[in-house]
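Architecture and fold: a report
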Amino acid sequence: MYTWIKAFHIIAVIAWMAGMLYLPRLFVYHCAAEKGSVQSETFKIMERRLLRAIINPAMVATWLLGLWLAWRGPDSRYGWFASGWFEAKFALVLALSTLHGFFARWVKDFAADRNRHSVTFYRIINELPTIIMIAIVILAVVKPF
Ligand code: HEM
């Protein structure tokens, strides 16, 4: 059972990360599209669908399955909750989830033609999910502490 849940946790993580890596790239392109243009309206649809159909449900599934794994962790009692790697991973996952919240807000801003940030801003933001993901995977797999 544990390994099955872990497999589905990783599947959910892949879907969540695919969206989290692609959405800020769409924001970068969207900045260059003129307001009201066909291109800009197409980006709005792509952003909304990516957020609602992939990123949101994948994040919920990742959390539910991950918390189950943490609770049932090797031979249980308090599961993985007292392990150093898990606490560090948990902090980074909270950071990733906060970033997700900002992405949702920026999708809304673009949808209302009220984007307040520059291309450079989104280019920098674009790197954050990658950096956080690398750290999380190393913590979860290597468990260095
Ligand atoms: C949303 C909250 C999350 C929680 C509560 C959580 C919790 C866990 C737990 C307890 C395990 C089992 C570790 C083991 O049995 O060795 C696990 C496995 C794993 N998690 Fe997460 N996780 C979360 C999100 C993520 C994210 C965002 C990523 C990647 C970006 C990720 C990547 C992995 C990987 C790769 C494994 C497999 C580790 C292995 O078996 O070697 N998790 N997770």
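Residues numbered from 1 in each chain as written. Predicted model: local features only at pLDDT ≥ 70, side-chain atom pairs only at ≥ 80, totals over all residues. Heavy atoms only, no water.

1. Overview of the packing of aromatic side chains
Following the criterion strictly, the structure yields 17 aromatic pairs and no others. Arranged with centres 5.2 Å apart and planes meeting at 50 degrees, the rings of F27 and Y122 form a pair that is tilted. Here F27, found in helix α1 (residues 2-32), pairs with Y122, found in helix α4 (residues 119-125); they are 95 residues apart in sequence, far enough to count as distant. Here the two residues F27 and Y122 agree in accessibility, since each one is buried. Members of the aromatic cluster, connected to one another through ring pairs, are F27, F102, F103, W106, F110, F121 and Y122. Over the ring of W85 we find K143; its NZ or CZ atom is 4.6 Å from the centre of that ring. (Phe/Tyr/Trp six-rings, centres within 6.5 Å; stacked < 30°, edge-to-face > 60°. Helix = DSSP H or I, 4+ residues; strand = E, 2+ residues; numbered from the N terminus. Buried < 20%, exposed > 50% of the residue type's maximum accessible area, 1.4 Å probe, protein only. Lys NZ or Arg CZ within 6 Å of the ring centre and 35° of its normal.)

2. Remarks on a positive patch on the surface
Together, R48, R49, R52 and K108 make up a region of like positive charge exposed at the surface. Locating R49 in the fold gives a position in helix α2 (residues 38-72). Given a relative accessible area of 56%, R49 falls into the exposed group. (Patch = residues over 30% accessible without salt bridge, like charges linked within 9 Å, V, L, I, M, F, W, Y side chains within 5 Å. Areas by Shrake-Rupley, 256 points an atom, 1.4 Å probe, with all protein chains shown as cover. Salt bridge = Lys/Arg side-chain N within 4 Å of Asp/Glu carboxyl O. Lys, Arg positive; Asp, Glu negative; His and termini not counted. Charge placed at Lys NZ, Arg CZ, Asp CG, Glu CD.)

3. Remarks on the side chain of H100
Along the chain, the position of H100 falls in helix α3 (residues 84-111). Judged by its relative accessible area of 5%, H100 is buried. Within the local environment of H100, its side chain forms a polar contact with the side chain of W16, the two groups lying 3.0 Å apart. Setting aside residues up to four positions removed in sequence, H100 forms contacts with W16, M20, L51, I55, N56 and M59. (Polar contact = N/O pair within 3.5 Å; in protein donor to acceptor, adjacent residues only side chain to side chain. Contact = heavy atoms within 4.5 Å.)

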